[in-house]
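Observations on chain architecture
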Amino acid sequence: MATTQLPTPVPRKPFPLPALLALATAVFVTALTETLPAGVLPGMGESLGVSESAAGQTVTVYAIGTAVTAIPLTAATAGWNRKRLLLTAMGGFAVANTVTAVSGDYPLTMAARFLAGVAAGLAWALLAGYARRLVPVEQQGRAMAVAMAGVPVALSLGVPVGTFLGRILAWWVPFLAMTALAVVVIGWIAAMLPEQPGQPDGERAPVRRALTVPGVRPVLTVTVLFVLAHTILFTYIAPLLDRAGLGGATGTVLLVFGLASLASIWLTGAHIHRRLRRLTIGGALLVAVAAGVLAVRSGDAPLVYLAAAFWGLGWGGAPTLLQTALGDAGGEQADAAQAVLVTLWNAAMAGGGVAGGVVLSRLGAGALPWTVLALMLPVLAVVAGARRHAFPPVRG
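The structure reproduced in this document is the subject of the present report. Worth saying up front: this structure is predicted, and the values here are computed from it rather than measured.

Rules behind the numbers
Residues numbered from 1 in each chain as written. Predicted model: local features only at pLDDT ≥ 70, side-chain atom pairs only at ≥ 80, totals over all residues. Heavy atoms only, no water. Helix = DSSP H or I, 4+ residues; strand = E, 2+ residues; numbered from the N terminus. Expected span 1.5 Å × (residues − 1). Bend = angle between axes of the 7 residues up to and from the residue. Polar contact = N/O pair within 3.5 Å; in protein donor to acceptor, adjacent residues only side chain to side chain. Buried < 20%, exposed > 50% of the residue type's maximum accessible area, 1.4 Å probe, protein only. Axes fitted to C-alpha atoms, helices over the stretch in contact; angles between N-to-C directions. Parallel < 35°, antiparallel > 145°, perpendicular 65-115°, else oblique. Left-handed = near helix turned anticlockwise from the far one by under 90°. Contact = heavy atoms within 4.5 Å. Nonpolar A, V, L, I, M, F, W, Y, C, P; charged D, E, K, R; others polar.

Below, the discussion takes up helix H5 (residues 106-133). For H5, which comprises 28 residues, the first-to-last C-alpha distance of 41 Å matches the rise-based estimate of 40 Å (1.5 Å per residue) to within 8%. Residue leucine 127 marks the point of greatest curvature in H5, where the axis turns by about 25°. The N-capping residue of H5, defined by a side-chain oxygen 3.1 Å from the backbone nitrogen of leucine 108, is aspartate 105.

And the structure:
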């Protein structure tokens, strides 16, 4: 009697956690470099001989550097080796943070911050695709969650620690610390990440073609509005709390926000494969509720901390959710779509810095959370309406 031989099971590759943690640390460097000035504005402005508002534009010029260079640089370097390109971006952060730390000249500092933004444009266009390609399809959401965990860690731990170091030592010390970390990340990436080739000439498509793919534009619309709202609140949370008599609690509020963001990252990684739509709607709703609480009860400390927790829970998973939604919707045009997302993301951050400053100067700090709430309502509407391609109930 013939016997049927069962096929030999294919061994499953282990989850590449060390490599993904290297990417997460690169994300941490990128996110913290961008937001670090927010915690040291008084000392930074005094050293450079400018106002706090002018010093705050170091965040804006970083975002502009990313926004204006991400798409052309992504197109120009499409054929380059991905690993070497990421190492180059990390080297750019090391140089830019060093110059920022030692410069006493405002134009030179702005130039260094612009260079850091250019490095970020390269990095952000690489990081999401790198994480997705390290794992099989069913693990891509988890891999993205691990890699994007660098964002809430930067906000929850990096900014408070950087602010603390800036106050007890000097405002420039955190920037030198970021240089040292960037050097460590360069070695980590070189040792742990596999090589990834660029795209052959015949496989490259114009970036604008990605905008014609169904589902891409709704995701990008949500991204712009969500990031704009978050940036306004994050950049100007200190003046808002000062107005409410809670200025001394800024660090604690940001810590609560950051810890809640970490919890959001975990929840997103655990459930994104099956519940991307629900998580996106829930996150946007939580941020809207947080803005509403801050709008009407910003002087009530317990409610402010609750609002910070809602804000963190709503925002922490947003980078992973939006980049995953765009990757799903973009299909073969996913890399080009990610380049557009990087540009619009940072344009929204630049716009948030400017718009928040205008609102603060003309209407006062009390108008900031109302502005955030007004932006989050259309986010909810677009996500709710984009059921077919952008935010489907079931991922394809």
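Time to look at helix H13 (residues 318-330). Here H13 is 13 residues long and its end C-alpha atoms lie 18 Å apart, about the 18 Å a rise of 1.5 Å per residue gives. Of all 13 residues that make up H13, 12 are buried, and the element is covered over most of its length. Along H13, the residues classified as buried are Ala318, Pro319, Thr320, Leu321, Leu322, Gln323, Thr324, Ala325, Leu326, Gly327, Ala329 and Gly330. Looking one or two places after H13, you find glycine 331, whose phi comes out positive at around 60°.

In this section: the packing of helix H9 (residues 216-235) against helix H15 (residues 368-385). Following both chains from N to C, one finds H9 and H15 inclined at 165°, their axes separated by 9 Å at the closest point. Comparing their axes, H15 and H9 come out roughly antiparallel. Read as a crossing pair, H9 and H15 show a hand that is left-handed. Each of Pro218, Thr221, Val222, Leu225, Phe226, Leu228, Ala229, Ile232 and Leu233 in H9 lies in contact with H15, whose residues at this interface are Leu368, Thr371, Val372, Leu375, Met376, Pro378, Val379, Val382 and Val383. The residue inventory of the contact of H9 with H15, partitioned by class, reads 16 nonpolar, 2 polar and no charged.

Distances and angles like these do not, on their own, reveal function.
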